[in-house]
Amino acid sequence: MRSITIRRPDDWHVHFRDGAVLQQVVPFTARVFGRAIVMPNLTPPVTNAATAASYRDRIMSAVPTGVAFTPLMTCYLTDDTDPSDLVRGHAGGVFTAAKLYPAHATTNSQHGVTAIEKIYPVLEAMAEHGIPLLTHGEITRAEVDIFDREKGFIDEVLIPVMERFPGLKVVMEHITTKQGVQVVRSYRGRMGATITPQHLLYNRNAIFQGGLRPHMYCLPVLKREEHRLALRAAATSGEASFFLGTDTAPHLQHLKEAACGCAGVFSAPVALQAYLKVFAEEGALDRFEAFASLNGPAFYGLPPNEEKVTFVEASTFLAERVRVESEGEIVPLFDGEMVDWAQARGA
Ligand code: DOR
Ligand code: ZN
């Protein structure tokens, strides 16, 4: 039976939501990952340091006793973001980064940025103060095919921003295409990328396999096989630009299995296992620690976690639905399947 011992990993892209859902989902992330970059797309969104600080407190109240976990907060950029609040929030240790949602690109992005020029003063301040920009990399014009939105973002928004603000560090979140891989490589050192488990495991056929599969719908949507293969090569390469970010995105079952279902895959309960499956299949377990535990902190200028954790390749637990009191259930990735790779107790 194979086993792997690595420094404790971090998750550089999570959605925790709020209220009863937050209480239920935080423990899954906190038990495995030392830190997580927390997305700010709540209703209303987390747009300033004061709301981020109180959101951080609510997250901490959901961390199980005895578990060491640090949420790293992000600021939701709008056309009206105040650069000085962002800079102060960053200097005061509240904000780690700021997130660009192009308006109407995804869940709760209606307050997002309507034109990139509107936030040039904010980007200027971020470059000056070393605040990383995290991007949801899709353009949203109605005439652009949904499968081409990432490529459009790279050409129309990302490259112009990289050229205009040479001091700005950027993470292209949840890359889904070979063009994404390519652009990240071309700005090595200044640009990083997170890659989700679902984009490594599935191509777009998974959304339509035998019928419509709402739990395979996320944004950016799954892409063609050639893109999945490019992502697998990037993630398992060990290159410093690519790191773990699950984009775990809980939605109640009835909101996904609906006429207009929400986007998002709830992967937190099985995320580490899903990535390990990919690395094992690719014969790249020796490069897993770089992807899961080293590259992310290095990009953000943080030390890697000290603690070591061991995972053993054994089929040991069932991916189960999560009950949220009086609201319903959340269906996880690998719903109802046995999952390989268990965290060794006490390790
Ligand atoms: O699938 C997604 N779900 N993509 C996003 O960008 C947002 C996320 C969510 O918040 O549900
Ligand atoms: Zn996300």
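Scroll up to find the structure.
Residues numbered from 1 in each chain as written. Chains lettered and ligands numbered in written order. Predicted model: local features only at pLDDT ≥ 70, side-chain atom pairs only at ≥ 80, totals over all residues. Heavy atoms only, no water.

Engineer: Explanation requested: the sheet that holds strand β8 (residues 191-195) in the structure shown.
Structural biologist: Two orientations exist for strands paired in a sheet by backbone hydrogen bonds: parallel and antiparallel. Overall, parallel pairing links the eight strands, which are arranged β2-β3-β4-β5-β6-β7-β8-β9 in an open sheet. The open sheet has two edge strands, β2 (11-14) and β9 (242-244), and neither has a second partner. Across this sheet, the average inter-strand angle for adjacent strands is 30 degrees, counted without regard to direction. In terms of strand pairing, strand β6 (residues 133-135) meets strand β7 (residues 170-172) through three bridges, oriented parallel. When the sheet's bridge partners are listed, Thr135 is paired in β7 with Met172. (Pairing = 2+ DSSP bridges. Helix = DSSP H or I, 4+ residues; strand = E, 2+ residues; numbered from the N terminus. Axes fitted to C-alpha atoms, helices over the stretch in contact; angles between N-to-C directions.)

Engineer: I tried to follow the site of ligand 1 on my own but got confused; where do I start?
Structural biologist: Within the structure, ligand 1 sits among 14 residues, and Arg17, Asn41, Thr106, Leu219 and His251 are positioned closest to it. Within the side chain of Thr107, a nitrogen or oxygen atom sits 3.1 Å from an oxygen atom of ligand 1. In the model, an oxygen atom of ligand 1 is placed 3.2 Å from a nitrogen or oxygen of the His136 side chain. Summarising the interface, the protein chains cover 99% of the accessible area of ligand 1, which totals 290 Å² for the free molecule. Of all the cavities here, the one that holds ligand 1 is the largest cavity. Counted by class, the shell around ligand 1 contains four nonpolar, eight polar and two charged residues. (Near = heavy atom within 4 Å. Polar contact = N/O pair within 3.5 Å; in protein donor to acceptor, adjacent residues only side chain to side chain. Areas by Shrake-Rupley, 256 points an atom, 1.4 Å probe, with all protein chains shown as cover. 1 Å grid on protein atoms, 1.4 Å probe; cavity = no way out; pocket = protein on both sides within 12 Å on 5 of 7 lines; lining within 4 Å. Sits in = over half its atoms within 2 Å of the grid points. Nonpolar A, V, L, I, M, F, W, Y, C, P; charged D, E, K, R; others polar.)

Engineer: What is the right way to look at the side chain of Thr196 in this model?
Structural biologist: Mapped onto the secondary structure, Thr196 falls in the loop between β8 and α7 (197-201). According to the relative accessible area criterion, Thr196 is buried, its value standing at 0%. Within the structure, Thr196 has its side chain in polar contact with the side chain of His199 (distance 2.6 Å). Once residues within four sequence positions are removed from consideration, Thr196 is found in contact with His174, Gly245, Thr246, Asp247 and Tyr275. (Buried < 20%, exposed > 50% of the residue type's maximum accessible area, 1.4 Å probe, protein only. Contact = heavy atoms within 4.5 Å.)

Engineer: What is the right way to look at empty space enclosed by the protein in this model?
Structural biologist: The gaps left among the atoms become clear once a water-sized probe is rolled over them. One pass over the full model with this rule turns up one cavity of 30 Å³ or more. Counted as a void, the largest cavity has a volume near 120 Å³. The wall of the largest cavity is formed by 17 residues, among which His15, Thr106, Thr107, Leu219 and Asp247 lie closest to the centre. The class makeup of the residues in the lining of the largest cavity is five nonpolar, nine polar and three charged. (Points joined across faces, edges and corners; volume = space filled by probe spheres on them.)

Engineer: What exactly am I supposed to notice about the coordination of the zinc ion (ligand 2) here?
Structural biologist: When a metal holds four donors in a tetrahedron, each ideal angle between them is 109.5 degrees; when it holds six in an octahedron, the ideal angles are 90 or 180 degrees. For the zinc ion (ligand 2), the full set of protein donor atoms is His13 (NE2), His15 (NE2) and Asp247 (OD), at a range of 2.0 to 2.1 Å. Mapped onto the sequence, the donors of the zinc ion (ligand 2) take the spacing H-x1-H-x231-D. Relative accessible area serves as the criterion here: at 6%, His15 is assigned to the buried category. (Donors = N, O, S within 2.8 Å, 3.2 Å for Na, K, Ca; no water.)

Engineer: Looking at this structure, how should I read the environment of Pro64?
Structural biologist: Here Pro64 lies in the loop between α2 (49-60) and β4 (70-76). Along the backbone, Pro64 and Pro132 are 68 residues apart, and their C-alpha atoms lie at a distance of 29 Å.

Engineer: It is not clear to me how unusual backbone geometry should be interpreted in this structure. Could you clarify?
Structural biologist: Outside of glycine, negative phi angles account for most residues, and trans bonds account for most peptide bonds. Here the amide bond leading from Thr43 into Pro44 is cis, since omega sits at -10 degrees, within 30 degrees of zero. Following the sequence through the fold, Pro44 ends up in the loop between β3 (35-38) and α2. A cis amide bond links Leu219 with the next residue in sequence, Pro220, at an omega value of -5 degrees. As for its placement among the helices and strands, Pro220 is situated in the loop between α7 and α8 (225-235).

Engineer: What exactly am I supposed to notice about the environment of Lys151 here?
Structural biologist: The residue Lys151 is located in helix α5 (residues 149-164) in this model. C-alpha of Lys151 to C-alpha of Thr176: the two residues are 25 residues apart in sequence and 9.7 Å apart in space.

Engineer: How should the pattern of salt bridges be read in this particular structure?
Structural biologist: Close approach of charged atoms allows side chains with opposite charge to pair. For the structure shown, the criterion picks out 17 salt bridges. The shortest N-O distance in the salt bridge between Lys151 and Asp155 comes to 3.0 Å. Placement of the pair is Lys151 and Asp155 together in helix α5, with a separation of four residues, close to one helical turn. Of the residues examined, Lys151 reaches a relative accessible area of 38% and is grouped as partly exposed. You can call Asp155 partly exposed: its relative accessible area is 43%. (Salt bridge = Lys/Arg side-chain N within 4 Å of Asp/Glu carboxyl O.)

Engineer: Teacher, can you tell me more about the packing of aromatic side chains here?
Structural biologist: The relation between two aromatic rings is expressed through the spacing of the ring centres and the mutual angle of the planes. Enumeration over the complete set of coordinates arrives at twelve aromatic pairs. Here the aromatic rings of Phe28 and Phe266 are separated by 6.2 Å at their centres, their planes lie at 85 degrees, and the arrangement is edge-to-face. Residue Phe28 is found in helix α1 (residues 19-32), and its partner Phe266 is found in the loop between α9 (253-256) and α10 (271-281); the two are separated by 238 residues along the sequence. For Phe28, a relative accessible area of 27% gives the class partly exposed. Judged by centre distance (6.4 Å) and plane angle (65 degrees), the ring pair of Phe243 and Tyr300 falls under edge-to-face. Placement of the pair is Phe243 in strand β9 and Tyr300 in helix α11 (residues 288-300), with a sequence separation of 57 residues. The ring of Phe299 carries Lys169 above its face, with NZ or CZ at 4.2 Å from the centroid. Positioned over the ring face of Phe147 is Arg204, at 4.4 Å from the centre of the ring. (Phe/Tyr/Trp six-rings, centres within 6.5 Å; stacked < 30°, edge-to-face > 60°. Lys NZ or Arg CZ within 6 Å of the ring centre and 35° of its normal.)

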